[in-house]
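Coordinate analysis (summary)
Below, each chain spelled out in residue letters.
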Amino acid sequence: MKKRLLAILLFATTISSAQVRQETTLTDGWQFSHDKQSWKSVRIPHDWAIAGPFDKKWDLQKVAIEQNGEKEATEKSGRSGALPWIGKGHYKRTLTIPEGYERAELLFDGAMSEPTVFINGKKAGYWAYGYNAFRIDITPYIKKGDNLLEVDLNNVEESSRWYPGAGIYRPVKLILTQKAHIDDWSLFARTLSLNKEKNYADLAVDLKVEGAEEGMSVCLSLEDAEGKSVLPTEATPVGNGLVHRTLRVSSPKLWSPESPYLYTLKAYIAKGSEQKCDILTRKIGIRTVRVSREGGFQLNGQTRKIKGVCLHHDLGPLGAAINKSALIRQIKTMKAMGCDAIRTSHNMPSQMQMDICDSLGMMVMAESFDMWVYPKCKNGYARFFREWSDKDITNLVLANRNHPSIVMWSIGNEIPEQWSEEGRQISIRLQGLCHSLDPTRPVTQGMDKAEAALGSGFAQAMDVPGFNYRVHKYQKNIEQLPQGFLLGSETASTVSSRGIYKFPVQPDDNSKFASWAPGYDPMALKNADGQCSSYDLEYSPWSNLPDDDWVWQDDKDWVIGEFVWTGYDYLGEPSPYDEYWPSRSSYFGICDLAGLPKDRYWLYRSKWNNDEHTIHLLPHWSWGKERKGKVTPVYCYTDYPTAELFVNGKSQGRISKNPNSRLDRYRLRWNDVKYQPGEIKVVVYDADGRQAGEQTVRTAGKPARLRLDTWTATGESGREGGILNADGEDMAFVTVSLTDAKGTLIPNASDQLTFEVSGAGSFEAVCNGDATSLESFKKPTMKLFSGQLVVIVRSSKTPGTIKLKVTDRQRGLQQSVDIITK
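Residues numbered from 1 in each chain as written. Predicted model: local features only at pLDDT ≥ 70, side-chain atom pairs only at ≥ 80, totals over all residues. Heavy atoms only, no water.

1. Structural notes on the overall build of the chain
Secondary structure assignment for the chain yields 10 helices and 48 strands. The C-alpha radius of gyration of the chain comes to 27 Å, within 12% of the 28 Å expected for a compact globule of 822 residues. With 822 residues in all, the chain has 62% of them scored as buried. Nonlocal contacts in the chain, meaning residues at least 24 apart in sequence, comprise 71% of its contacts between residues at least 6 apart. Surface exposure of the chain reaches about 30800 Å², of which carbon and sulfur atoms provide 48%. The averaged location of the 100 negative side-chain charges in the chain is 2 Å from the averaged location of its 103 positive side-chain charges. (Helix = DSSP H or I, 4+ residues; strand = E, 2+ residues; numbered from the N terminus. Rg over C-alpha atoms; globule rule 2.2 N^0.38 Å. Buried < 20%, exposed > 50% of the residue type's maximum accessible area, 1.4 Å probe, protein only. Contact = heavy atoms within 4.5 Å. Areas by Shrake-Rupley, 256 points an atom, 1.4 Å probe, with all protein chains shown as cover. Lys, Arg positive; Asp, Glu negative; His and termini not counted. Charge placed at Lys NZ, Arg CZ, Asp CG, Glu CD.)

Now the structure itself:
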């Protein structure tokens, strides 16, 4: 009792009288230059290249992509996004250090690339990898008052297989403490065990006090989501600076995607009543992760199949510059589809993204590298691997191990060394390093050469053997794996363009566009339009359809889940149009580059979302005279087993899913429908034959109005506008659709629109999801693509009203929406 009373008194005394740590995110006050001669004001996060212009000359690569099986080099004009990210960039700002602090540290969450940091003209630190978080102790270089902070970046050609972004694209934080302080990354809270019978959880907490002095104590407190203490506070002597505590939490509320409950852990140090104190606060979740032959993947002791997607780090028209609202939109959209996990492919995640995954309930495979010693591109990370890989893995794990959302680490993607003993030894070393820093999570990596990886022992060395594509090899793979399970670490690579449908409708691996593939047809590429069909039957020569993955996921207990390539389109890697211009972004996404769902979103939703029913008809039903009377297949994506289709009231047949058919096990398809203007209607039936719902798609009339639908992270949004935080960072995403008088989308519209933003905000960006568009994201004008686009508006720091006005001069249409900032 005396110990608890002393701890409470110490806490109260130090909070009231000492200079507690100060953490400041350095957002404003930055200047940027390419040549250190001409400067402009910017806010951080910042991507200097995203405004363009698009041009095939930027990072024009003539290469053979070995991962695709290519033998001869060909021109890849859009491989890294066709944006001007190559070159040097320089940032500077004033850093004001107040009185009362003895130590200063800068925390960079990521800077692209090779950041060198200077304080008052002196080099304070450097980090090689643009994707990783790193810390710099700037205490020796600062003075009280104003200081000059400078950051130099260098992006070299052929250093990336996709658009990496350019600049200080993630937050920078200034952390001020006393000499005696808790090392931020030393704090590690983890769940040791769950006792469901007696309803308690045992946790372990470790931390390190730097600059520890005799007589110092550390106190830990744990609060629930309502701020109520769930444990008594006790003081622990600091001793040599290393502190270890075990905590027992009664009636714990467990973290999961379905219930992402977070506790608040507070650690503070004090020495009597002296004015030296540090307080460190972290959100944590109570949960366990286990993978085994017997149970597969288990979260909190419950077996579940991972329903995951891979995500690149760019945010479409925002580029690499990270934004909380955009990340929330991504994660919420994926969760509504039924997705429960993301893979941060192929790089370290941002802290902001992990915080959002913690709070919204999205499991994470946190990845690290796309290459090791052997380069996939001439100037990629292979330049740094031998010297920096251990440092990078260390930072990845230390910076992120308190996030309950992270359920496994990934040490690589399609590493060329997977065939070799050297590769096996590197795997063992990196996996062992992860274990030494975090013994609670398994380690994986994505392998694309199954025979080579199994032959060398590379795959057998991993906690979780992950295989990219080639599901037809799964059975042979599992027979050679002592683990007794495998993960689809990268699956599908189905390609489509939102709202585009091509005939005849049939599966297509697009080998006709690949100069290295047996089915290559030079004339096919010459006559191509740069788009892929949204019947969701197109894929890449090395990959497959979603249906193919689901057969293995459903029929084999030893397949523990999948990560689909990809949740969203991203800049760069425009397969199957790697050799086509203009094409500068991917087609793999379940959602397009603007964040709008493609038809494939509803296919995955029909399979993954167990809470809500799905009924989705495709294609649109607004074809021209040339299509009248021609076969136009109709698909229905639904979780119901049976449906009947009507065209203008005439039945096209009642059909059920067929478990023995590749394309009919998970889809309902009417392949012989002939197009007639009017409407198509599907009526769905449950397993007992009862009518359960319907959907109708109508032929559009003449374009008559613009519809504006607003999305904001607050959830207070819709056609009437939305609400933003007046913090200068919050963003609204406004979907603009051209419709007829009854609200039916004009699906082939490509009108040029203009945008005007006034009031308490500003125009940020616009995107239509067209991978072949060369219009700038940062100019307030763009063409519709398949009748839609998305405008992004940023709040100011002044409460008020933002007015977005959208104009279609071609048709004399105009519409506006008000967005409130407060």
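Structure shown, so let's carry the discussion forward.
2. Examining the pairing of strand S41 (residues 721-724)
By the alternation rule, side chains of S41 split into Gly721 and Ile723 and Gly722 and Leu724, which are all buried. Alignment of S41 against strand S48 (residues 813-821), held across 3 bridges, turns out to be parallel. The partner of Leu724 across the bridge, within S48, is Thr821. (Pairing = 2+ DSSP bridges.)

3. Some thoughts on the sheet that holds strand S22 (residues 296-299)
Pairing is antiparallel across the open sheet formed by 3 strands, whose spatial order is S21-S22-S23. Looking at which strands have only one partner, the edges of the open sheet turn out to be strand S21 (289-292) and strand S23 (302-303). Where S22 lies against S23, 2 bridges are found, and the strand directions are antiparallel. Residue Gln298 lies in a different strand from S23, and its bridge partner there is Thr303.

4. Observations regarding the pattern of salt bridges
Scanning the entire structure with this criterion turns up 51 salt bridges. We note a salt bridge from Arg190 to Asp206, for which the minimum N-O separation is 2.6 Å. Highlighted residues: Arg190 in strand S14 (residues 188-195) and Asp206 in strand S15 (residues 200-210), separated in sequence by 16 residues. In this structure Arg190 comes out as buried when scored by relative accessible area, which is 16%. Residue Asp202 pairs with Arg248 through a salt bridge whose shortest N-O separation is 2.8 Å. Here Arg248 lies in strand S18 (residues 242-250) and Asp202 lies in strand S15, a separation of 46 residues in the sequence. Given a relative accessible area of 16%, Asp202 falls into the buried group. By relative accessible area, Arg248 is classed as partly exposed at 47%. Ionic contacts of the salt-bridge type, sharing partners, join the residues Arg21, Glu23, Lys173, Asp184, Asp278 and Arg282 into one network. (Salt bridge = Lys/Arg side-chain N within 4 Å of Asp/Glu carboxyl O.)

5. Re the sheet that holds strand S36 (residues 668-670)
Strands sit in the order S32-S33-S36 across an open sheet of 3 strands; the sheet is antiparallel. Only two strands of the sheet have a single partner each, and these edge strands are strand S32 (615-618) and S36. For this sheet, the mean inter-axis angle between neighbouring strands, taken without regard to orientation, is 15°. The pairing of strand S33 (residues 634-638) with S36 spans 3 bridges and is antiparallel. Directly across from Val634, in S36, lies its bridge partner Trp670. Most of the contacts of helix H10 (residues 599-608) go to S33, to which it runs at about 45°, and overall it touches S32 and S33. (Axes fitted to C-alpha atoms, helices over the stretch in contact; angles between N-to-C directions.)

6. Comments concerning empty space enclosed by the protein
Applying the stated rule across the entire model yields 9 cavities of 30 Å³ or more. Computed from the structure, the largest cavity encloses a volume of approximately 270 Å³. Tyr129, Tyr131, Ser159, Gly380 and Tyr381 are, among the 24 residues lining the largest cavity, the residues nearest its centre. Tallied by class, the residues present in the lining of the largest cavity amount to 11 nonpolar, 9 polar and 4 charged. Lining the second largest cavity are 20 residues, with Asn68, Arg161, Glu414, Trp542 and Glu573 sitting closest to its centre. Across the lining of the second largest cavity, the residue classes break down as 6 nonpolar, 6 polar and 8 charged. (1 Å grid on protein atoms, 1.4 Å probe; cavity = no way out; pocket = protein on both sides within 12 Å on 5 of 7 lines; lining within 4 Å. Points joined across faces, edges and corners; volume = space filled by probe spheres on them. Nonpolar A, V, L, I, M, F, W, Y, C, P; charged D, E, K, R; others polar.)

7. As for the packing of helix H2 (residues 324-337) against helix H3 (residues 351-360)
It is the contact of H2 with H3, at a shortest axis distance of 10 Å, that shows an interaxial angle of 40°. Between H2 and H3, the angle falls in the class oblique. Here H2 runs over H3; the crossing is right-handed. Listed contacts from H3 to Lys324, Leu327, Ile328, Ile331, Lys332 and Lys335 of H2 are Met352, Gln353, Ile356, Cys357 and Leu360. (Parallel < 35°, antiparallel > 145°, perpendicular 65-115°, else oblique. Left-handed = near helix turned anticlockwise from the far one by under 90°.)

8. Some words on H2
Over its 14 residues, H2 extends 20 Å from the first C-alpha to the last, a length consistent with the 20 Å expected when each residue adds 1.5 Å. Within H2, 10 of the 14 residues are buried, which leaves the element mostly enclosed by the surrounding structure. By the burial criterion, the buried members of H2 are Ser325, Ala326, Leu327, Ile328, Arg329, Gln330, Ile331, Thr333, Met334 and Met337. Phi for Gly338, located one or two positions after H2, is positive at around 105°. (Expected span 1.5 Å × (residues − 1).)

9. Some points on unusual backbone geometry
Residue Ser345 is joined to His346 through a cis peptide bond whose omega torsion reads -5°. Here His346 lies in the loop between strand S25 (341-344) and H3. The omega torsion across Trp565 and Thr566 is 0°, close enough to zero to call that bond cis. Tracing the chain through its elements places Thr566 in the loop between strand S31 (559-565) and H10. Positive phi outside glycine occurs at Asn199, with the angle close to 60°. Inspection of the secondary structure assignment puts Asn199 in the loop between S14 and S15.

10. Brief notes about the side chain of Ser113
Within the fold, Ser113 resides in the loop between strand S7 (103-108) and strand S8 (116-119). The class of Ser113 is buried, set by a relative accessible area of 11%. In this view, Ser113 contacts Ala128, Gly130, Leu153, Asn154 and Asn155; residues no more than four positions away in its chain are not counted.

11. Considering the nonpolar core
Of all hydrophobic cores here, the largest spans 215 residues; its most connected members are Trp30, Tyr91, Leu106, Phe297, Val309 and Phe755. With 7 residues, the top contributor of residues to this core is helix H4 (residues 385-400). In this structure, Phe297 is in contact with Val289, Arg290, Val291, Gln302, Thr303, Arg304, Ile306, Met363, Val407, Met408 and Ile560, ignoring residues within four places of it in sequence. Ranked by size, the runner-up nonpolar core spans 26 residues in total, among them Ala180, Ala267, Ile284 and Ile286. (Core = buried A, V, L, I, M, F, W, Y, C linked by side-chain atoms within 4.5 Å.)

12. Focus: the environment of Gly338
Along the chain, the position of Gly338 falls in the loop between H2 and S25. Judged by its relative accessible area of 12%, Gly338 falls in the buried class.

13. Some remarks on the confidence of the model for the chain
Looking at the chain as a whole, the pLDDT averages 95, with 97% of positions reaching at least 70. Element-level mean pLDDT values for the chain span from 39 in helix H1 (residues 2-17) up to 99 in strand S26 (residues 363-366). Per-residue pLDDT stays below 50 along residues 1-18; that stretch engages in 26 contacts with residues further than four places along the chain or on separate chains. (pLDDT = per-residue confidence, 0-100.)

14. Section: the packing of aromatic side chains
Tallied over the entire structure, the rule returns 39 aromatic pairs. Centre to centre, the rings of Phe32 and Trp48 are 5.5 Å apart; their planes meet at 25°, and the pair counts as stacked. Of this pair, Phe32 sits in strand S2 (residues 30-33) while Trp48 sits in the loop between strand S3 (40-42) and strand S4 (61-63), placing them 16 residues apart in sequence. Judged by its relative accessible area of 4%, Phe32 is buried. Residue classification places Trp48 among the buried positions, given a relative accessible area of 10%. Seen in terms of ring centroids, Tyr129 and Tyr381 are 4.4 Å apart; in terms of plane orientation they differ by 45°. Their pairing is tilted. Residue Tyr129 is found in the loop between strand S9 (122-126) and strand S10 (134-137), and its partner Tyr381 is found in the loop between S26 and H4; the two are separated by 252 residues along the sequence. For the residue pair Tyr129 and Tyr381, the accessibility class agrees, reading buried in each case. Three or more aromatic residues joined by ring pairs make a cluster, and in this case those are Tyr129, Tyr131, Phe369, Trp372, Tyr381, Phe384, Phe385 and Phe458. (Phe/Tyr/Trp six-rings, centres within 6.5 Å; stacked < 30°, edge-to-face > 60°.)

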